[in-house]
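Notes for the structure review
So you can see what is in the structure, the chains are spelled out below.
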Amino acid sequence: MQNAAMAAKWRSDSGGEAVFTAQLEPVLQPAYRLACAMLHDPQLAEDAVQDAALKAWRKLDRLRPGAEMRPWFLGIVANECRNTRRSGWWSRVGDLIGERSVEAASDAVVAGVDVRRAIRRLDHRSRLVLVLRWYLDLPVDEVARAAGLSVHATESRLARAIRALRKELRND
Amino acid sequence: MTDDARLRADVLQALEAVTPLAPWLTSTVRDSLREHRKKGGRRMLAATRFSVRGLTAVTAVLLVALVAAAALGLLALRSVAPLVPAHRSTTSIAHYADSVGTDYGHVVDTVPRACVALDDTGCPGAIATAVSACQAFVSDLDRTPPPPGLEAVHGRMRVELQAAISDLQLVLAAFQARDLAHMNRVTEAFVAELTAVDLAKSYVLALNSGPSTLSDSEARYASRVASGYDHLQLATFNTTVVGCKLADGGCAALWTVGIAAEQDKVRSYQSDLQANPPPSRFASTSQFLQGDLAAEIRDLDDVRAAFAARDDNAMDIAKQNLTYFAGAITHDAGDVMYAR
């Protein structure tokens, strides 16, 4: 209740919003990189981060005192990415459009096609854990908090994701 | 460099390549928060996003396409009713494609985008609309005998739509039970079924614009892939698995006998594909398909293990993976069986 009251007060004045934004700022770029890696579409990624920021603002009362902003917010962004993929089932097509539109850009982009395809074929949680740990370089306990898993489950999920990725790439 | 380190470097490089810089992000987020607070936070998130940044070219193209599709759908509704007379014994490919395309368009228009969270009050209404669009599609299929050669595709669309209807009802049940995790799982299954219908529909429409150019060996292989895929009855099986909970007494046989039977079917499909090398055109897709099948077998093992341990968490993960790979199988098999 105390959190809810504090959050409501925060939300009601512009000072609260400024403090919230200041706390959020350092996390926005990692959040955007996470969303790009999950959605493979910069446009959808930006949308996901913006929506996540608004949701975080609304859910401030659920941020436990002393809890870190980064895993909490990244967890919201991850959910947003999942919803983006789910709610617009045409986003499967959007996925392809996004990928194709950037594929022609450079050799570096073309070289990663197989890896990205393999990553896209991982289930949501495996992909999330892989991206948070390997791409954003988050410590395992923070990955676990963002993914809503135990540390043990996170490690096991990561190992499985790496195995699946390797297998996909061998098949490619 | 170890294998893991090399793979990690590849992942980093591959993802960095599709992550452009977005230095404006902080200011857009700040603006949208400010805007949101001014409006009392009552506006829809999407509306906020659009007003802040304006429509991008991609979004605009998508919207134009949606508006055009809606307009075409309306025109089709006005000009083609009833779609197919009940007494017809055969249907021309043009007429069949028209009917399938129109019905599919209606289903897509009603996909319940509202059901993404437990506070989406529009969810029950959206589900009802989507169910009715799927049912109308099934009814039209029943009244429209497929042109020669499309019987299997016709049957497949019907099965997938029936499974989609069941899944929509499960989504609603999960929504009413406030079970978000279950709702998410069933939605994934629904998406996989609609994807299967989408692939079939695209094939029908493509055939309407010209005959297939497959060689004999390619056509034989595509037919083999289709037959194995149909034998799996993935949509029906997945809907049953997703709909069953550990505590459901009526599902006891599914977790043991049902899972084992499905695994046998998957193994048999896998062996058949291994014993019959694909034509070069399908080599890569066939490898993916075999990878999907191997994953499906492993996920079915996980389902059985979760049942044995009565572990709800493990069952959730296994179901998630199962649904995912069922979708992948549908997609990859579809790439072969609907190739032209």
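Notes on the structure in this doc start here. Per chain, the residues get numbers from 1 upward, laid out in the order the sequence is written. Just so you know, chain letters begin at A and ligand numbers begin at 1, following the order they were written in. Thresholds applied to this predicted model are a pLDDT of at least 70 for local features of residues and 80 or more for the giving and counting of side-chain atom pairs; totals over whole chains, interfaces and linings are not thresholded and use all residues.

1. Points about the overall build of chain A
- Secondary structure summary: chain A contains ten helices and zero strands in total.
- Along the chain direction, N to C, the helices and strands of chain A fall in the order α-α-α-α-α-α-α-α-α-α.
- Burial in this document is a count-based property: other C-beta atoms within 10 Å of a residue's C-beta are tallied, and the residue is buried at 20 or more, exposed at 12 or fewer, or partly exposed in between, with C-beta positions derived from the backbone. Per-residue burial over chain A gives 45% buried out of 172 residues.
- Each residue gets a C-beta atom placed from its backbone, and two residues are in contact if those atoms lie within 7 Å. Restricting to contacts in chain A with at least 6 residues of sequence separation, those with at least 24 account for 65%. A run of H or I in DSSP counts as a helix once it spans at least four residues, and a run of E counts as a strand once it spans at least two, with each numbered from the N terminus.

2. Topic: the environment of I127 of chain B
- Its place among the elements puts I127 of chain B in helix α6 (residues 123-143).
- Residues I127 of chain B and Q169 of chain B, spaced 42 residues apart in sequence, show a C-alpha to C-alpha distance of 7.5 Å.

3. Digging into the packing of α6 of chain B against helix α7 (residues 151-176) of chain B
All names here are of chain B.
- Axis lines are fitted through C-alpha atoms, for helices just across the contact stretch, and the angle between N-to-C directions can take any value from 0 to 180 degrees. Contact pair α6 / α7: the axes reach a minimum separation of 10 Å and the direction vectors enclose 165°. In terms of axis orientation, α6 runs roughly antiparallel to α7. Note that α6 runs across α7; the crossing there is left-handed. Between α6, through C123, P124, I127, A130, V131, C134, Q135, F137, V138 and L141, and α7, the contact on the second element is made entirely by H154, M157, R158, L161, Q162, A164, I165, L168, Q169, V171, L172 and F175.
- Of the residues contributing to the contact of α6 with α7, the split by class is 17 nonpolar, four polar and one charged. If an angle is under 35 degrees, it is roughly parallel; if it is over 145, roughly antiparallel; if it lies from 65 to 115, roughly perpendicular; otherwise it is oblique. Crossing handedness: left-handed means the near helix sits turned counterclockwise from the far one by under a right angle, and right-handed means the same turn made clockwise. Each residue is assigned to one class: nonpolar for Ala, Val, Leu, Ile, Met, Phe, Trp, Tyr, Cys and Pro, charged for Asp, Glu, Lys and Arg, and polar for all the others, Gly among them.

4. What about helix α5 (residues 93-109) of chain B?
- Expected span of a helix, by definition, is 1.5 Å for each gap between consecutive residues, and there is one gap fewer than residues. With 17 residues, α5 of chain B extends 24 Å from end C-alpha to end C-alpha; this agrees with the ideal 24 Å at 1.5 Å per step.
- Among the residues making up α5 of chain B, those that are buried are Y96, A97, D98, S99, V100, T102, D103, Y104 and V107 of chain B.

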